[in-house]
Amino acid sequence: MRTLGLDTSNYTTSAAVFDGAQGQNCSRLLGVAPGQLGLRQSDALFAHTKQLPEQMAALFDAVGHTEPICAVGASTRPRAVEGSYMPCFLAGQTLGRCIASVLDVPFYAVSHQQGHIAAALWSAGRLDLMHTPHLAWHLSGGTTELLLVTPEGKNVHAERIGGTSDISAGQVMDRTGKLLGLPFPSGKALDALSGGSDCRDLFRVKLDGLQFSLSGLENKIAQFRAQGHDDASTARYAVASVCHAVCAVTAAAQKAYPGLEVVFSGGVASNAMLRARCAQFAPVFAQPQYSTDNALGVAVLTYLQEAR
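What comes next is a walk through the structure. For every chain, the first residue of its written sequence is number 1, and the numbers climb from 1 along that sequence. Confidence filtering applies because this is a predicted model: local features only for residues at pLDDT of at least 70, side-chain atom pairs given and counted only at 80 or more, and all residues used for totals across whole chains, interfaces and linings. Side-chain figures throughout are based on the complete set of non-hydrogen atoms in the structure, without hydrogens or water.

1. A closer look at the packing of aromatic side chains
Stage number 1. For Phe, Tyr and Trp, rings pair up if their centres lie within 6.5 Å, where Trp contributes its six-membered ring, and each pair is then called stacked (planes under 30 degrees apart), edge-to-face (over 60) or tilted (otherwise). Taken as a whole, this structure holds seven aromatic pairs when the rule is applied.
Stage number 2. Look at F18 and W122: their rings are 6.0 Å apart centre to centre, the planes differ by 85 degrees, and that puts the pair in the edge-to-face class. Taken together, the residues span a long stretch of sequence, with F18 in strand β2 (residues 12-18) and W122 in helix α3 (residues 112-123) at a distance of 104 residues.
Stage number 3. Here F18 falls in the buried class, since its relative accessible area comes to 1%.
Stage number 4. Between F224 and Y237, the ring centres sit 4.1 Å apart and the planes meet at 10 degrees, which makes this aromatic pair stacked. Of the two residues, F224 sits in helix α6 (residues 215-226) while Y237 sits in helix α7 (residues 231-256), which places them 13 residues apart along the sequence.
Stage number 5. Categorising residues by exposure relies on relative accessible area from a 1.4 Å probe, with only protein chains included: less than 20% of the type maximum marks a residue as buried, more than 50% marks it as exposed, and the intermediate range marks it as partly exposed. Given the relative accessible area of 7%, Y237 is considered buried.
Stage number 6. Connected via pairs of aromatic rings, a cluster forms that spans F18, W122, Y290 and Y303. Think of it this way: any DSSP run of H or I at least four residues long counts as a helix, any run of E at least two long counts as a strand, and we number them from the N terminus.

2. With respect to unusual backbone geometry
Stage number 1. In this structure, the amide linkage connecting F184 to the following residue, P185, adopts the cis form with an omega of -10 degrees.
Stage number 2. When you line up the elements, P185 lands in the loop between α4 (169-179) and α5 (187-194).
Stage number 3. Positive phi values are uncommon outside glycine, yet D104 reaches one of about 60 degrees.
Stage number 4. Residue classification places D104 among the exposed residues on the basis of a relative accessible area of 71%.

3. Some words on the pairing of strand β1 (residues 2-8)
One face of the sheet, then the other: side chains in a regular strand alternate in exactly this way.
Stage number 1. In terms of burial, β1 is largely enclosed, as seven of its seven residues are buried.
Stage number 2. Burial along β1 is two-sided: the face carrying R2, L4, L6 and T8 and the face carrying T3, G5 and D7 are both buried.
Stage number 3. For two strands to count as paired, DSSP must find a minimum of two bridges between them. Strand direction decides the pairing type here: β1 and strand β4 (residues 69-77), joined by five bridges, are parallel. In the strand pairing of β4, G5 is matched with G73.
Stage number 4. With six bridges connecting them, β1 and β2 associate as antiparallel partners. Following the sheet pairing, L6 is matched in β2 by A15.
Stage number 5. The hairpin turn running from β1 into β2, its antiparallel successor, is three residues long.

4. Digging into the packing of α4 against α7
Stage number 1. Lines fitted to the C-alpha atoms define the axes, with helices restricted to the stretch that makes contact. Angles between their N-to-C directions range from 0 to 180 degrees. Packing of α4 against α7 brings their axes to within 10 Å, and their N-to-C directions diverge by 170 degrees. By the angle between their axes, α4 is roughly antiparallel relative to α7. On α7, the residues touching A169, V172, M173, T176 and L179 of α4 are T234, A238, V239 and V242. Comment on the angle field: the value is read as roughly parallel under 35 degrees, roughly antiparallel over 145, roughly perpendicular from 65 to 115, and oblique elsewhere. In what follows, residue pairs with any heavy atoms lying within 4.5 Å of each other are defined as contacts.

5. Re the sheet that holds strand β5 (residues 107-111)
The pairing of strands in a sheet happens through backbone hydrogen bonds and is either parallel or antiparallel.
Stage number 1. The five strands are arranged β3-β2-β1-β4-β5 in an open sheet whose pairing can be described as mixed. Lying at the two open borders of the sheet, with one neighbouring strand each, are β3 (23-29) and β5. Taking the axes of each pair of neighbouring strands and ignoring which way they run, one obtains an average angle of 20 degrees across the sheet.
Stage number 2. Sheet topology note: the β2/β3 ladder contains seven bridges and is antiparallel. Its bridge partner lying in β3, V17 is registered against Q24.
Stage number 3. Of the strands in this sheet, β1, β2, β3, β4 and β5 touch helix α9 (residues 296-306), which is tilted by about 140 degrees from β1.

Okay, here's the thing in C-alpha coordinates:
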(Lines give C-alpha, C1' and ligand atoms only; values in the text may rest on other atoms or scores of the structure.)
Protein backbone atom coordinates (compact mmCIF):
# COMPACT_ATOMS: atom_id res chain seq x y z
CA MET A 1 0.00 0.00 0.00
CA ARG A 2 1.38 3.39 -1.00
CA THR A 3 0.01 6.89 -0.45
CA LEU A 4 0.69 10.16 -2.26
CA GLY A 5 1.04 13.46 -0.39
CA LEU A 6 1.18 17.00 -1.80
CA ASP A 7 2.18 20.23 -0.06
CA THR A 8 2.25 23.64 -1.73
CA SER A 9 3.40 25.96 1.02
CA ASN A 10 4.30 29.62 0.69
CA TYR A 11 7.79 28.78 -0.60
CA THR A 12 8.11 25.08 -1.50
CA THR A 13 6.40 22.75 -3.96
CA SER A 14 6.51 19.16 -2.64
CA ALA A 15 5.27 15.70 -3.58
CA ALA A 16 5.92 12.51 -1.60
CA VAL A 17 4.97 8.87 -1.33
CA PHE A 18 4.92 6.68 1.79
CA ASP A 19 4.44 2.91 2.08
CA GLY A 20 4.13 2.53 5.84
CA ALA A 21 7.87 2.32 6.41
CA GLN A 22 9.80 4.15 3.70
CA GLY A 23 9.11 7.52 2.16
CA GLN A 24 10.40 9.63 -0.70
CA ASN A 25 9.97 13.39 -1.01
CA CYS A 26 10.71 15.70 -3.94
CA SER A 27 10.70 19.44 -3.29
CA ARG A 28 11.61 22.64 -5.06
CA LEU A 29 11.73 26.17 -3.67
CA LEU A 30 9.72 28.88 -5.37
CA GLY A 31 11.81 31.51 -7.11
CA VAL A 32 12.15 34.78 -5.19
CA ALA A 33 13.94 37.77 -6.73
CA PRO A 34 17.17 38.90 -5.00
CA GLY A 35 16.47 41.38 -2.24
CA GLN A 36 12.84 40.33 -1.88
CA LEU A 37 11.38 38.72 1.27
CA GLY A 38 8.74 36.53 -0.34
CA LEU A 39 6.01 36.32 -2.95
CA ARG A 40 2.48 37.54 -3.33
CA GLN A 41 0.01 34.70 -2.90
CA SER A 42 -1.12 34.98 -6.53
CA ASP A 43 2.49 34.58 -7.69
CA ALA A 44 3.07 31.66 -5.31
CA LEU A 45 -0.06 29.89 -6.56
CA PHE A 46 1.03 30.35 -10.18
CA ALA A 47 4.55 29.08 -9.42
CA HIS A 48 3.22 25.95 -7.68
CA THR A 49 0.94 25.21 -10.63
CA LYS A 50 3.99 25.33 -12.93
CA GLN A 51 6.27 23.30 -10.64
CA LEU A 52 3.93 20.50 -9.55
CA PRO A 53 4.19 18.45 -12.79
CA GLU A 54 8.00 18.59 -12.57
CA GLN A 55 8.01 17.44 -8.94
CA MET A 56 5.52 14.66 -9.65
CA ALA A 57 7.66 13.43 -12.55
CA ALA A 58 10.82 13.51 -10.44
CA LEU A 59 9.09 11.66 -7.61
CA PHE A 60 7.83 8.78 -9.74
CA ASP A 61 11.10 8.57 -11.66
CA ALA A 62 12.66 7.91 -8.25
CA VAL A 63 10.12 5.46 -6.82
CA GLY A 64 8.73 3.82 -9.97
CA HIS A 65 5.18 3.19 -11.08
CA THR A 66 4.71 -0.47 -10.20
CA GLU A 67 3.03 -0.05 -6.81
CA PRO A 68 -0.43 1.54 -6.97
CA ILE A 69 -1.53 4.60 -5.02
CA CYS A 70 -4.25 3.70 -2.51
CA ALA A 71 -5.00 7.20 -1.23
CA VAL A 72 -4.05 10.82 -1.88
CA GLY A 73 -3.59 13.60 0.67
CA ALA A 74 -2.78 17.29 0.51
CA SER A 75 -2.25 20.16 2.90
CA THR A 76 -5.22 22.46 2.38
CA ARG A 77 -4.54 25.20 4.94
CA PRO A 78 -1.75 26.39 7.25
CA ARG A 79 -3.28 25.18 10.54
CA ALA A 80 -6.24 23.04 11.52
CA VAL A 81 -8.12 25.96 13.06
CA GLU A 82 -11.12 27.96 11.91
CA GLY A 83 -10.26 30.74 9.50
CA SER A 84 -6.82 29.38 8.56
CA TYR A 85 -6.39 29.91 4.83
CA MET A 86 -3.76 30.70 2.19
CA PRO A 87 -4.45 30.54 -1.57
CA CYS A 88 -1.14 28.78 -2.32
CA PHE A 89 -2.50 25.54 -0.84
CA LEU A 90 -5.14 25.40 -3.58
CA ALA A 91 -2.52 24.16 -6.04
CA GLY A 92 -1.77 20.94 -4.16
CA GLN A 93 -5.34 20.46 -3.00
CA THR A 94 -6.78 20.78 -6.51
CA LEU A 95 -4.26 18.40 -8.07
CA GLY A 96 -4.67 15.94 -5.21
CA ARG A 97 -8.44 15.83 -5.52
CA CYS A 98 -8.16 15.35 -9.29
CA ILE A 99 -5.69 12.47 -8.95
CA ALA A 100 -7.85 10.82 -6.28
CA SER A 101 -10.91 11.08 -8.55
CA VAL A 102 -9.09 9.61 -11.55
CA LEU A 103 -7.68 6.72 -9.47
CA ASP A 104 -10.99 6.28 -7.60
CA VAL A 105 -9.21 6.37 -4.23
CA PRO A 106 -9.91 8.42 -1.07
CA PHE A 107 -8.65 11.99 -0.65
CA TYR A 108 -7.56 13.25 2.79
CA ALA A 109 -7.16 16.91 3.71
CA VAL A 110 -4.66 17.81 6.44
CA SER A 111 -3.06 21.05 7.56
CA HIS A 112 0.47 22.14 6.71
CA GLN A 113 1.26 22.23 10.43
CA GLN A 114 0.01 18.67 11.00
CA GLY A 115 2.20 17.60 8.10
CA HIS A 116 5.25 19.20 9.70
CA ILE A 117 4.63 17.35 12.96
CA ALA A 118 4.15 14.00 11.21
CA ALA A 119 7.29 14.49 9.09
CA ALA A 120 9.29 15.26 12.22
CA LEU A 121 7.99 12.21 14.08
CA TRP A 122 8.53 9.84 11.14
CA SER A 123 12.02 11.10 10.28
CA ALA A 124 13.05 10.83 13.96
CA GLY A 125 11.67 7.30 14.21
CA ARG A 126 9.07 8.43 16.76
CA LEU A 127 5.68 7.87 15.14
CA ASP A 128 4.71 6.36 18.49
CA LEU A 129 4.21 9.95 19.68
CA MET A 130 1.21 10.17 17.34
CA HIS A 131 -0.59 8.21 20.05
CA THR A 132 0.43 10.17 23.14
CA PRO A 133 0.41 13.83 24.19
CA HIS A 134 3.61 15.79 23.59
CA LEU A 135 4.89 19.30 23.03
CA ALA A 136 5.92 20.47 19.57
CA TRP A 137 7.57 23.56 18.19
CA HIS A 138 6.60 24.69 14.69
CA LEU A 139 9.45 27.04 13.77
CA SER A 140 9.32 28.36 10.23
CA GLY A 141 9.28 31.42 8.01
CA GLY A 142 5.70 32.15 8.89
CA THR A 143 5.14 30.42 12.22
CA THR A 144 6.73 30.26 15.64
CA GLU A 145 4.28 28.32 17.79
CA LEU A 146 4.67 26.00 20.74
CA LEU A 147 1.93 23.38 20.53
CA LEU A 148 0.34 20.88 22.87
CA VAL A 149 -0.21 17.92 20.56
CA THR A 150 -2.77 15.24 21.39
CA PRO A 151 -4.02 12.24 19.41
CA GLU A 152 -7.07 12.85 17.22
CA GLY A 153 -8.05 9.59 15.60
CA LYS A 154 -5.40 8.80 12.99
CA ASN A 155 -4.24 12.42 12.99
CA VAL A 156 -3.03 14.87 15.64
CA HIS A 157 -4.68 17.87 17.27
CA ALA A 158 -2.34 20.81 17.86
CA GLU A 159 -3.31 23.48 20.40
CA ARG A 160 -1.21 26.62 20.51
CA ILE A 161 0.08 27.24 24.05
CA GLY A 162 3.00 29.58 23.34
CA GLY A 163 5.23 31.23 20.80
CA THR A 164 5.58 34.67 19.28
CA SER A 165 3.01 37.42 19.46
CA ASP A 166 4.27 39.04 16.26
CA ILE A 167 6.95 38.09 13.72
CA SER A 168 8.27 34.55 13.48
CA ALA A 169 11.75 33.19 14.08
CA GLY A 170 12.03 32.51 10.35
CA GLN A 171 11.18 36.13 9.56
CA VAL A 172 13.95 37.28 11.88
CA MET A 173 16.36 34.98 10.02
CA ASP A 174 15.20 36.15 6.61
CA ARG A 175 15.28 39.86 7.51
CA THR A 176 18.76 39.42 8.95
CA GLY A 177 19.71 37.65 5.75
CA LYS A 178 18.47 40.59 3.70
CA LEU A 179 20.49 42.95 5.91
CA LEU A 180 23.59 40.86 5.17
CA GLY A 181 22.88 40.36 1.47
CA LEU A 182 22.09 36.64 1.75
CA PRO A 183 19.69 34.79 -0.58
CA PHE A 184 16.07 34.19 0.42
CA PRO A 185 15.08 32.11 2.31
CA SER A 186 18.14 32.84 4.42
CA GLY A 187 18.07 30.10 7.08
CA LYS A 188 20.79 27.83 5.68
CA ALA A 189 23.11 30.65 4.66
CA LEU A 190 22.69 32.38 8.03
CA ASP A 191 23.35 29.11 9.85
CA ALA A 192 26.59 28.59 7.93
CA LEU A 193 27.68 32.23 8.34
CA SER A 194 27.03 32.26 12.09
CA GLY A 195 29.37 29.29 12.50
CA GLY A 196 32.27 31.52 11.46
CA SER A 197 32.08 33.68 14.59
CA ASP A 198 32.66 33.10 18.29
CA CYS A 199 30.58 36.14 19.27
CA ARG A 200 28.79 35.59 22.58
CA ASP A 201 26.52 38.64 22.48
CA LEU A 202 22.76 38.18 22.27
CA PHE A 203 19.53 40.01 23.01
CA ARG A 204 17.50 38.43 25.79
CA VAL A 205 13.90 38.53 24.64
CA LYS A 206 11.46 39.13 27.50
CA LEU A 207 9.02 36.29 28.16
CA ASP A 208 5.36 36.61 29.10
CA GLY A 209 4.61 33.12 30.32
CA LEU A 210 5.14 30.97 27.22
CA GLN A 211 4.72 33.96 24.89
CA PHE A 212 7.35 36.36 23.57
CA SER A 213 7.82 39.09 20.99
CA LEU A 214 10.54 39.14 18.33
CA SER A 215 9.74 42.46 16.67
CA GLY A 216 12.18 44.32 18.92
CA LEU A 217 14.92 41.84 18.08
CA GLU A 218 14.92 42.94 14.45
CA ASN A 219 15.86 46.48 15.55
CA LYS A 220 18.52 45.18 17.95
CA ILE A 221 20.14 43.18 15.13
CA ALA A 222 20.25 46.27 12.90
CA GLN A 223 21.80 48.28 15.75
CA PHE A 224 24.36 45.53 16.41
CA ARG A 225 25.35 45.56 12.75
CA ALA A 226 25.55 49.38 12.68
CA GLN A 227 28.01 49.27 15.60
CA GLY A 228 30.59 47.81 13.23
CA HIS A 229 30.22 44.08 13.82
CA ASP A 230 31.02 41.88 10.84
CA ASP A 231 28.59 39.66 8.94
CA ALA A 232 29.44 36.45 10.82
CA SER A 233 29.07 38.08 14.24
CA THR A 234 25.79 39.72 13.23
CA ALA A 235 24.48 36.39 12.00
CA ARG A 236 25.51 34.69 15.24
CA TYR A 237 23.93 37.47 17.32
CA ALA A 238 20.61 36.98 15.50
CA VAL A 239 20.61 33.20 15.72
CA ALA A 240 21.73 33.14 19.37
CA SER A 241 18.97 35.57 20.35
CA VAL A 242 16.30 33.42 18.71
CA CYS A 243 17.76 30.27 20.28
CA HIS A 244 17.74 31.87 23.73
CA ALA A 245 14.02 32.69 23.45
CA VAL A 246 13.11 29.21 22.21
CA CYS A 247 15.19 27.51 24.90
CA ALA A 248 13.73 29.68 27.68
CA VAL A 249 10.15 28.94 26.61
CA THR A 250 10.89 25.23 26.20
CA ALA A 251 12.26 25.05 29.76
CA ALA A 252 9.17 26.83 31.09
CA ALA A 253 6.85 24.58 29.09
CA GLN A 254 8.45 21.40 30.39
CA LYS A 255 7.85 22.67 33.93
CA ALA A 256 4.22 23.49 33.11
CA TYR A 257 3.68 20.16 31.32
CA PRO A 258 5.96 17.72 33.19
CA GLY A 259 6.82 14.45 31.53
CA LEU A 260 5.91 15.49 27.97
CA GLU A 261 8.54 15.09 25.28
CA VAL A 262 9.21 18.03 22.98
CA VAL A 263 9.38 17.78 19.19
CA PHE A 264 11.00 20.36 16.91
CA SER A 265 9.67 20.84 13.38
CA GLY A 266 9.82 23.53 10.69
CA GLY A 267 12.73 24.94 8.72
CA VAL A 268 14.26 26.87 11.63
CA ALA A 269 14.50 23.57 13.54
CA SER A 270 17.31 22.53 11.19
CA ASN A 271 19.57 25.29 12.58
CA ALA A 272 22.76 23.82 14.04
CA MET A 273 22.97 26.17 17.03
CA LEU A 274 19.34 25.59 17.96
CA ARG A 275 19.78 21.82 17.82
CA ALA A 276 22.89 22.00 20.00
CA ARG A 277 21.43 24.36 22.61
CA CYS A 278 18.16 22.44 22.89
CA ALA A 279 19.92 19.12 23.48
CA GLN A 280 19.37 19.69 27.22
CA PHE A 281 15.64 19.01 26.74
CA ALA A 282 16.14 15.50 25.28
CA PRO A 283 14.29 16.70 22.18
CA VAL A 284 12.88 14.86 19.19
CA PHE A 285 14.26 16.66 16.13
CA ALA A 286 13.17 16.09 12.58
CA GLN A 287 16.01 15.10 10.29
CA PRO A 288 17.21 18.36 8.68
CA GLN A 289 15.82 17.51 5.24
CA TYR A 290 12.39 16.94 6.81
CA SER A 291 12.49 20.06 8.97
CA THR A 292 11.87 22.32 6.00
CA ASP A 293 8.57 22.31 4.09
CA ASN A 294 7.88 18.90 2.58
CA ALA A 295 5.03 16.59 1.64
CA LEU A 296 6.30 13.50 3.45
CA GLY A 297 4.29 14.26 6.58
CA VAL A 298 1.15 14.65 4.47
CA ALA A 299 1.79 11.24 2.89
CA VAL A 300 2.36 9.71 6.35
CA LEU A 301 -0.91 11.12 7.71
CA THR A 302 -2.74 9.94 4.60
CA TYR A 303 -1.35 6.43 5.09
CA LEU A 304 -2.33 6.34 8.76
CA GLN A 305 -5.89 7.51 8.01
CA GLU A 306 -6.28 5.02 5.16
CA ALA A 307 -4.90 2.14 7.27
CA ARG A 308 -7.62 2.30 9.92
